[in-house]
Amino acid sequence: QLQLVESGGGLVQPGASLRLSCAASGFPLDYYAIGWFRRAPGKEREGVSCIDTRDNSTYTLGSVKGRFTTFADIAKNTMYLQMNSLKPEDTAEYYCAADRIATVRSMCINAFADFLSEGTQVTVSS
C-alpha cells in the first residue's frame, strides 16, 4: 500500500521549534519530488517547502525562508520538516507530499502532488 504517514504536530509557543516527520511506504522517496503543504483556517492550501533529492532542487515559501527546512533520510524512507522561530501565522494543518513527475517549483506553487498525507495540526500560540 502506497502511503505517507506523518507525526510530530502539536501546540507550541511563538519562537519555538518543531520537527514534523513523514514516513513513506510502498515507494522510494528518492524517486520523487517531496515536500510539505499547509492549510490555515479559511485559507487555501499552500506549498511550504519542497525538495528533490535527484537533483538537489529546492523551493521554499517566502514567508518561511530561513526558518523552515525540508530534508530526507533516504535510508529510513522518511522526510522531515524542521520549523524554527515559529509564529502564530504558521498555525495550520500540515501535510507531507510526494510527486513522481512534478518539479519542486510546480509542486509547491500549485500545492498539488500524487500522494498526500492525512495531515497534522500545528498550533503556535502563547
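In what follows, the structure referred to is the one given above.
Residues numbered from 1 in each chain as written. Predicted model: local features only at pLDDT ≥ 70, side-chain atom pairs only at ≥ 80, totals over all residues. Heavy atoms only, no water.

Observations regarding the overall build of the chain
Here's step 1: The number of helices and strands found in the chain is one helix and eleven strands.
Here's step 2: Helices (α) and strands (β) of the chain occur, in sequence order from the N terminus, as β-β-β-β-β-β-β-β-β-α-β-β.
Here's step 3: Each principal axis of the C-alpha distribution contributes one length, and for the chain these read about 40 × 25 × 25 Å.
Here's step 4: In the chain, 60% of the contacts between residues at least 6 apart in sequence involve partners at least 24 apart.
Here's step 5: Carbon and sulfur atoms make up 47% of the accessible area of the chain, which amounts to about 6,400 Å² in all.
Here's step 6: In the chain, the 12 positive side-chain charges and the 13 negative ones have mean positions that sit 5 Å from each other. (Helix = DSSP H or I, 4+ residues; strand = E, 2+ residues; numbered from the N terminus. Contact = heavy atoms within 4.5 Å. Areas by Shrake-Rupley, 256 points an atom, 1.4 Å probe, with all protein chains shown as cover. Lys, Arg positive; Asp, Glu negative; His and termini not counted. Charge placed at Lys NZ, Arg CZ, Asp CG, Glu CD.)

Here's the deal with the sheet that holds strand S1 (residues 3-7)
Here's step 1: In spatial order, the strands read S1-S3-S8-S7; together these four strands make up an open sheet with antiparallel pairing. The sheet terminates laterally at S1 and strand S7 (68-73), the two strands that pair on one side only. When strand polarity is set aside, the average angle formed by the axes of neighbouring strands in this sheet is 20 degrees.
Here's step 2: By the bridge criterion, five bridges tie S1 to strand S3 (residues 18-25) in an arrangement that is antiparallel. By the bridge assignment, Val5 is partnered in S3 with Ala23. (Pairing = 2+ DSSP bridges. Axes fitted to C-alpha atoms, helices over the stretch in contact; angles between N-to-C directions.)

What about the environment of Ala40?
Here's step 1: You can see Ala40 is positioned in the loop between strand S4 (33-39) and strand S5 (46-52).
Here's step 2: Ala40 gets classed as buried once you look at its relative accessible area, which sits at 16%.
Here's step 3: C-alpha separation for the pair Ala40 and Glu89, spaced 49 residues apart in sequence, amounts to 8.3 Å. (Buried < 20%, exposed > 50% of the residue type's maximum accessible area, 1.4 Å probe, protein only.)

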